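These are the residues of each chain, in order.
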Amino acid sequence: MSTADGAVIGTTQIAGSAPRNRAFNVVLLAEGFTAAQQNDFNNACMTFVNTFRTTPPFDELSAAINVFRVNVRSTDTGADDPVAAGGTGATVRTYFDASFGGNNIRRLLICNTTTALQVAAAQVPEFIVVLLVVNSTIYGGSGGSVGTYSLAGGATEIAIHEMGHTAFGLADEYPYYAGGNETGHDHHPAGEPGEPNVTTNSNRNTLKWRWAVASTTAIPTMANPNCSQVDGRPNPVPTGTVGLFEGAHYYHCGAYRPEYDCKMRALSVPFCRICRQVIWNRIGPLATLSARARTPISVIARFPEHLDVFAVASDGRTVSNWWDQSSGWAGWFNLMGGIASPGGPGSPVTAVHRYAGHIDLFTVGTDNRVWSAWWDAATGWHSWFQIGDLVCRQGSVINVVSRYSDHIDLFTTASDGRVMSTWWDVRSGWAPWFHVQGGVAASGAPVTVVARYPFHLDLFTVGTDNRVWSCWWDERSGWHGWFQIGNLQCRPDSTVTVVSRFPDQLDLFTTAADGRIMSIWWNSRKGWANWFHVSGGVASPGSPVTAIARYSGHLDLFVIGTDNRIYSTWWHENQSWAGWFNVSGGVGMPGGQVAAISRATEHLDLFTVGSDGLVYSTWWDGATGWAGWFALGVT
Amino acid sequence: MPSKESNQPATTRAARLIFEYEGERVRLVSQQVVEMVVTGFDIARAHHAGVYVDARDAEDRTLSRVPARDAFATSTEVFPERAGEAIVRVDTARPKGAFTVVIPVPQETNKVAVVRVVPAQLDAKLPAGGTTSRVAGAAEATDLATFPLTLN
Ligand SMILES: [Zn+2]
Ligand SMILES: [Zn+2]
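### Points about the overall build of chain B
Of the regular secondary structure elements, chain B holds zero helices and nine strands. Going from N to C terminus, chain B has its helices and strands arranged as β-β-β-β-β-β-β-β-β. Relative to its 152 residues, chain B shows a buried fraction of 52%. When the accessible surface of chain B is summed, it comes to about 7,100 Å², and 48% of that surface belongs to carbon and sulfur atoms.

### Section: the coordination of the zinc ion (ligand 2)
Residues and elements named next belong to chain A. The zinc ion (ligand 2) binds to the protein through Glu 173 (OE), Cys 262 (SG), Cys 272 (SG) and Cys 275 (SG), with metal-donor distances spanning 1.9 to 2.3 Å. The sequence motif formed by the donor residues of the zinc ion (ligand 2) is E-x88-C-x9-C-x2-C. In this pair, Glu 173 sits in the loop between helix H3 (156–166) and strand S7 (245–248) while Cys 272 sits in the loop between strand S8 (251–257) and helix H4 (273–283), placing the two residues 99 residues apart along the sequence. Side by side, Glu 173 and Cys 272 carry an identical accessibility label, which is buried.

### Digging into the state of the cysteines
Residues and elements named next belong to chain A. This structure, assessed with the given rule, holds one disulfide over all chains. Through a disulfide, Cys 227 is tied to Cys 253; the S-S separation comes to 2.0 Å. In this structure, the disulfide formed by Cys 227 and Cys 253 twists by about -95° around the S-S bond and is classed as left-handed. With a gap of 26 residues between them, Cys 227 in the loop between H3 and S7 and Cys 253 in strand S8 connect regions that are remote in the sequence. The pair formed by Cys 227 and Cys 253 is uniform in burial state, with each residue classed as buried.

### Side note on the coordination of the zinc ion (ligand 1)
Protein coordination of the zinc ion (ligand 1) is provided by His 161 of chain A (NE2), His 165 of chain A (NE2), Asp 172 of chain A (OD), Glu 77 of chain B (OE) and Glu 77 of chain B (OE), with donor distances spanning 1.9 to 2.3 Å. Within this pair, whereas His 161 of chain A is found in helix H3, its partner Asp 172 of chain A is found in the loop between H3 and S7, the two being separated by 11 residues in sequence. Taken as a pair, His 161 of chain A and Asp 172 of chain A share a single burial class, namely buried.

### Things to note about unusual backbone geometry
Comment: phi is negative for the bulk of residues other than glycine, and the bulk of peptide bonds are trans. Residues and elements named next belong to chain A. Cis rather than trans, the peptide bond between Pro 56 and Pro 57 has omega equal to 5°. Checked against the element boundaries, Pro 57 lands in the loop between helix H1 (38–53) and strand S3 (65–74). The peptide bond linking Ile 219 to Pro 220 adopts the cis configuration, its omega dihedral lying at -10°. Positioned with a positive phi, Met 336 is a non-glycine residue whose angle comes to about 50°. The residue Gln 437 is not glycine, and still its phi comes out positive at about 50°. Locating Gln 437 in the fold gives a position in strand S22 (residues 434–440).

### A word on the pairing of strand S8 (residues 111–118) of chain B
All names here are of chain B. Within S8, six of the eight residues are buried, leaving the element largely enclosed by the surrounding structure. For strand S3 (residues 50–56) and S8, the ladder comprises seven bridges, and the chain directions are antiparallel. In the strand pairing of S8, Asp 54 is matched with Ala 113. In this structure, S8 lies alongside strand S9 (residues 140–148), joined through eight bridges in antiparallel fashion. Its bridge partner lying in S9, Val 117 is registered against Ala 141.

### Let's talk about H4 of chain A
Residues and elements named next belong to chain A. For H4, a buried count of eight out of 11 residues is recorded, marking the element as mostly surrounded by other parts of the structure. Within the span of H4, buried status applies to Ile 274, Cys 275, Gln 277, Val 278, Ile 279, Asn 281, Arg 282 and Ile 283. Against the buried residues of H4 lie strand S2 (24–31), S3 and strand S13 (333–339).

Thresholds, definitions, all that
- Residues numbered from 1 in each chain as written.
- Chains lettered and ligands numbered in written order.
- Predicted model: local features only at pLDDT ≥ 70, side-chain atom pairs only at ≥ 80, totals over all residues.
- Heavy atoms only, no water.
- Helix = DSSP H or I, 4+ residues; strand = E, 2+ residues; numbered from the N terminus.
- Buried < 20%, exposed > 50% of the residue type's maximum accessible area, 1.4 Å probe, protein only.
- Areas by Shrake-Rupley, 256 points an atom, 1.4 Å probe, with all protein chains shown as cover.
- Donors = N, O, S within 2.8 Å, 3.2 Å for Na, K, Ca; no water.
- Disulfide = S-S within 2.5 Å.
- Pairing = 2+ DSSP bridges.
- Contact = heavy atoms within 4.5 Å.

Here is the structure:
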């Protein structure tokens, strides 16, 4: 009746080839198999692998999944089967002490979970899920930290449902506790469940899976007319429709599930769209990211020991990764089903942190409308919502500035190139989009912005004449008209990068029509200087110049060169510009962008899409110099 | 890329912890260093109700937190033998069992804590659509037990 009743024989990997330290590792333990019956266990494991790896979305994630079997011999066959629960009364000597009849219910198959976890940890220390396969044809299984199932037909479905809880944090979507005839389960108690696949919120605009709900789908999609019982009517909408179906999380009413059916509601049906998304976001971050080739990457540092990075995957999905000094890189995850507009380099996801516990995101969707989402330290991610009904240029960039913590200003270009803006204020919400001073940007030119003071904005873009134009806004005097800065001729899609090293100074960087990297500056005493060529540098066609000021007397620039290498130069007060140098041998994409951030004065972090399409990062530290590039995933 | 001096940053040190519980009593059965990544999915950023495990430094600052999804279960699922029949839950008379977590343990980690987070009031009322309002209040966490971390 214990580990004295058998022994661990050994471990064999039976599926997958992902590196063990960054994989979704599943361990199957043999229980109640004698030494002579080990082949039966091996066959049962293959049956599990076949079911598991053909269950969506695991079928698409198999590159990151490993399955191991741990052969364990027991003295006797099967499991205990107490008479009190309707069993045969069998008592057998097995390694993990498995027994039917838990809680006096014969189908409830329990075991010594401590032993099971210890054996799994000793055999495959990197395991994520451990399942105990019990050598009996009596139907049974159970969940928890060790899922159990017997060899009776269909019991592998139990294991996959239980994995939904243990590995993915999914809630039960069934609308009853004890089958539907129970009392006290008519109305779900107040409060929003933390799990991603059930909700008590029936407001379309704040629903946590609203990104997956079509505007033509009724909300709620199905309401229970009689809360004293489970709604047994058939699905009123086509299978696979995501909406709001009343009856979930053990209650007949007041809680909703995303689809009519889901494996978290009943065995032998597929996972719903929302559960599949959650599973993707658990397993996907174990991999590196294939990015849209020229996607501009956004990065913010809410505090010096933390970075949040935003990018767009090769299929257009909006994705994020984050780094924390204590836990390293978290892995790339999908931001609530978002797909960014293609066109030009493709719309990026831009981000702003109005304060340390909050992130606001902006992108242009495939419908060329402006979408936003936000994250709050207390409540997590909130789904995408549309800001007004402006139709943007395909691939437009939304540039954002937060002049103070309760305010956001957005700038972008309409489908006809008009320079458009809106703002959000904590007191009044989102304002309507408005056309800024009649300005029209050249095709592909973004609108950049800087707030030198909380009450002042400076805008820059390339006009339809391919010249650099600016305008400004001041709280006291409002908007002022556009004026041309020098007579530089740019590429029409040039980005005018602006840095304000201190409030009365502006430094601009852009590329001339022939790719030369050009700069100009302004200060309140001397006004605008003249455009000059920065250290002879020439950019890959379409590549923007990234500039940051680590402190007021210093500038660092980053760009992709004509040979697609990643170059940098710097300027230091009272010195001239340094020569361009290749950063750690890095090679980027033609026309690509290098994102840079300084989370501490003597530190820089860079991000770019490498020549193989993966997102790479490197860093510079004052004490140790430049590090090598590494493919950004999870650490 | 990859560049001439490509260097993948070191994986953050992680520990596998196995706990046993009976009622609200919990005991750390084993701790071992494990060479594996812990993705953001498991490093809790939103503090929903539930049980978590914290890695803490000598000053009791939390360095990382991961959910312990199967801890102190007060009910268990019973599955139907025939497809289409209901999955049901039954209460467990006295919660008893074991659970495991893998948690990042930076060098300064000196103890681990099992923590129960009760729902924040704000979970009940999300801000209205189209706004990005600051929400007041925070979830409350109570330590159920702490254990010294002795692995090296
Ligand atoms: Zn369940
Ligand atoms: Zn589901």
